[in-house]
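# Inside the fold
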Amino acid sequence: LSGVCSPIVDVTSLQGASNSARNAAMAIAVDAANTVWLVAQSTSAWVEHLLRSTQPYAAGGTFASVGAISPSASSQTSRIAIDAQGLVHCAYYRNVSPGIYEHRAYDPQTGWGPSTTLGNTTAAQDYYGLLASDALGNVHALVAKDCASPATWDFVYRRW
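Residues numbered from 1 in each chain as written. Predicted model: local features only at pLDDT ≥ 70, side-chain atom pairs only at ≥ 80, totals over all residues. Heavy atoms only, no water.

This paragraph deals with the overall build of the protein. Looking only at helices and strands, the protein has one helix and 12 strands in total. Listing the helices and strands of the protein from first to last along the sequence gives α-β-β-β-β-β-β-β-β-β-β-β-β. For 160 residues, the compact-globule estimate of 2.2 N^0.38 gives 15 Å, and the protein sits close to it at 16 Å. Viewed in the frame of its principal axes, the protein has a C-alpha envelope of about 50 × 40 × 35 Å. (Helix = DSSP H or I, 4+ residues; strand = E, 2+ residues; numbered from the N terminus. Rg over C-alpha atoms; globule rule 2.2 N^0.38 Å.)

Pasting the structure below:
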């Protein structure tokens with residue numbers, strides 16, 4: 001290792017977003033082709049986008065948006081993981097009543113798939129999801145369900 005960092009890439013400016021456009025976009029993953037995937041803010045508060053590097057290893061520091069993670073409304077605190085087929089799995093909080101946690105996958109060959117609710121659709125505020133992929137190509141999700149005040153802190157697991 002050289003220990004030398006790349007130049008800083010201002011993702012906010014790259015997206016044309018204001019630094020006051022609120023979001024919690026902080027996820028990164030690298031696929032088998034060494035494409036770097038980022039969750040990034042957009043020009044609208046609480047609408048996170050999925051970005052891909054335009055070159056392997058993010059050489060040159062350029063990224064292109066493949067669109068908003070949520071098909072409508074917000075996508076907040078998005079998390080990503082990549083399966084063995086190269087699908088980029090996204091889990092995110094969608095701020096629609098009663099507050100749900102969803103999954104949506106992006107296929108680099110065909111685009112976005114449908115969204116699926118990971119927790120439930122009746123109680124308020126499913127939050128705090130995490131994703132991980134394994135060597136067999138599965139993607140695993142852990143989601144905190146029904147976390148409105150007073151929180152119940154009920155956790156659920158899903159696998160693809």
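Moving on to the sheet that holds strand β4 (residues 63-68). Across the sheet, four strands lie side by side as β1-β2-β3-β4; this open sheet has antiparallel pairing. The open sheet terminates on both sides in strands that have one partner only, identified here as β1 (27-30) and β4. Sheet twist, expressed as the average angle between the axes of neighbouring strands with direction ignored, equals 25 degrees. (Pairing = 2+ DSSP bridges. Axes fitted to C-alpha atoms, helices over the stretch in contact; angles between N-to-C directions.)

Moving on: the pairing of strand β11 (residues 139-145). With five of its seven residues buried, β11 lies for the most part within the structure. Direction of pairing for β11 relative to strand β12 (residues 154-159): antiparallel, over a ladder of six bridges. The residue of β12 that forms the bridge with Ala 144 is Phe 155. (Buried < 20%, exposed > 50% of the residue type's maximum accessible area, 1.4 Å probe, protein only.)

Turning to the pattern of salt bridges, a few remarks are in order. Scanning the entire structure with this criterion turns up one salt bridge. Glu 102 is paired through a salt bridge with Arg 94; the nearest N and O atoms lie 2.9 Å apart. Judged by its relative accessible area of 13%, Arg 94 falls in the buried class. (Salt bridge = Lys/Arg side-chain N within 4 Å of Asp/Glu carboxyl O.)

Moving on: the side chain of Thr 35. Along the chain, the position of Thr 35 falls in the loop between β1 and β2 (36-40). Its relative accessible area of 10% is what places Thr 35 among the buried residues. Excluding residues that lie within four positions of it along the chain, Thr 35 makes contacts with Ala 29, Val 30, Arg 52 and Ser 53. (Contact = heavy atoms within 4.5 Å.)

With that out of the way, let us pick up the packing of aromatic side chains. Inspection of the entire model under this criterion finds two aromatic pairs. Seen from their ring centres, Tyr 106 and Trp 112 are 5.1 Å apart, and the 65 degrees between their planes marks the pair as edge-to-face. Tyr 106 sits in the buried class, given a relative accessible area of 10%. Assessed through its relative accessible area of 22%, Trp 112 is described here as partly exposed. Here the aromatic cluster, defined as three or more aromatic residues joined through ring pairs, consists of Trp 37, Tyr 106 and Trp 112. (Phe/Tyr/Trp six-rings, centres within 6.5 Å; stacked < 30°, edge-to-face > 60°.)

This brings us to the environment of Gly 119. Mapped onto the fold, Gly 119 is located in the loop between β9 (116-117) and β10 (127-133). Along the primary structure Gly 119 and Tyr 101 are separated by 18 residues, whereas in three dimensions their C-alpha atoms are 6.1 Å apart.

The subject of this paragraph is the nonpolar core. Core analysis: the biggest nonpolar cluster contains 14 residues, and Trp 37, Leu 50, Ile 80 and Val 88 have the highest contact counts within it. Secondary structure elements with two or more residues in this core: β1, β2, β5 (76-82) and β6 (88-94). Here this core gets three residues from one element, more than from any other, and that element is β6. Judged by nonpolar contacts, the second largest core, of nine residues, contains Ala 81, Tyr 101, Leu 118 and Ala 141. (Core = buried A, V, L, I, M, F, W, Y, C linked by side-chain atoms within 4.5 Å.)

Moving on: unusual backbone geometry. The phi dihedral of Asn 34 falls on the positive side, at around 65 degrees, and the residue is not glycine. Within the secondary structure, Asn 34 sits in the loop between β1 and β2. When its relative accessible area of 23% is taken as the criterion, Asn 34 is described as partly exposed. Although it is not a glycine, Tyr 57 adopts a positive phi angle of roughly 65 degrees. With respect to the helices and strands, Tyr 57 occurs in the loop between β3 (49-53) and β4.

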